[in-house]
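Given next are the chains, with one letter for each unit.
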Amino acid sequence: MRLDQEGPADPLARTQGFEAFYLRHFDVMTRFVARRVADPHTVADLTAEIFLAALHSRHTYRPGQGSETGWLYGVARNVLSVQRRRSEREARAVERVVARRLLDGDDIADLTDRIDAEEPARRALSAMADLPEGERALLELVVIDQLTVAEAAQALGIRVGTARVRLHRARRTLRKVPGVAAALVTEGL
């Protein structure tokens, strides 16, 4: 029985049509996958993916261009190809992780010290989060990264005068926020 024998409407769209299609091709597709994959769970998953892909791409089947079996093998090859690429990406990712050395106690202590040392900067960044983008970016460069106003203006592609105005506005806004570090709002920076 071909996909189009149920009539002009899509036979796979109806439950009975897809069920019959599935039953006709399940064993063949399982064998197709089992010849290429050794893990039984992966065989079951890929076989299910093949039928799901067939259901989603049923509109591509053209009876005049070949049998439903040939079309389904094309769908199956595409599913296996996607799975193979996915597995290769995962293997490369695992390889990158495995190739890195684990942190020892000294490394963790050093990182903890660095994290602790940056706590005031994290609080400052948090306080600046609600500022307009231009003001926040300028304040980050001047206060956190310790650039001069001229260097920050250059980094942002704005004039020094514009930078000074934005910096003044940002500091004025932050003075109203309780608990903001004095370094953020001191005009001398």
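Residues numbered from 1 in each chain as written. Predicted model: local features only at pLDDT ≥ 70, side-chain atom pairs only at ≥ 80, totals over all residues. Heavy atoms only, no water.

The chain is annotated in an unreviewed UniProt entry as RNA polymerase sigma factor from Nonomuraea harbinensis. The annotation that UniProt attaches to the chain under Sequence similarities (unreviewed entry) is "Belongs to the sigma-70 factor family. ECF subfamily." (UniProt positions renumbered as here; feature names shortened; annotations may be inferred.)

Section: the overall build of the chain
Summing up its helical and strand segments, the chain has nine helices and zero strands in all. Element order for the chain, N to C, with α for helix and β for strand: α-α-α-α-α-α-α-α-α. Taken over 189 residues, the chain has a buried fraction of 27%. Within the chain, counting contacts between residues at least 6 apart in sequence, those at least 24 apart form 49% of the total. For the chain, the computed accessible surface area is about 12600 Å², with 54% contributed by carbon and sulfur atoms. (Helix = DSSP H or I, 4+ residues; strand = E, 2+ residues; numbered from the N terminus. Buried < 20%, exposed > 50% of the residue type's maximum accessible area, 1.4 Å probe, protein only. Contact = heavy atoms within 4.5 Å. Areas by Shrake-Rupley, 256 points an atom, 1.4 Å probe, with all protein chains shown as cover.)

Observations concerning the packing of aromatic side chains
Using the criterion set out here, one finds eight aromatic pairs in the structure. Taking the centre distance of 5.1 Å and the plane angle of 90 degrees together, the rings of Phe32 and Tyr73 count as edge-to-face. Note that Phe32 is positioned in helix α1 (residues 15–34) and Tyr73 in helix α3 (residues 68–99), a separation of 41 residues in sequence. Among the aromatic residues, those joined into a ring-pair cluster are Phe18, Phe21, Tyr22, Phe26, Phe51, Tyr61 and Trp71. (Phe/Tyr/Trp six-rings, centres within 6.5 Å; stacked < 30°, edge-to-face > 60°.)

Let's talk about the pattern of salt bridges
For the coordinates displayed, the defined rule picks out four salt bridges. Note that Glu68 is salt-bridged to Arg24, the shortest N-O span being 3.0 Å. A residue pair is termed long-range when its members are at least 10 positions apart, and Glu68 in helix α3 and Arg24 in helix α1 qualify at 44 residues. Looking at Arg24, the relative accessible area reads 31%, which means it is partly exposed. Its salt-bridge partner being Glu140, residue Arg136 comes within 2.5 Å of it at the nearest N-O pair. Highlighted residues: Arg136 and Glu140, both in helix α6 (residues 133–144), separated by four residues, approximately one helical turn. When its relative accessible area of 22% is taken as the criterion, Glu140 is described as partly exposed. Each of Glu133, Arg136 and Glu140 takes part in a single network of salt bridges with overlapping partners. (Salt bridge = Lys/Arg side-chain N within 4 Å of Asp/Glu carboxyl O.)

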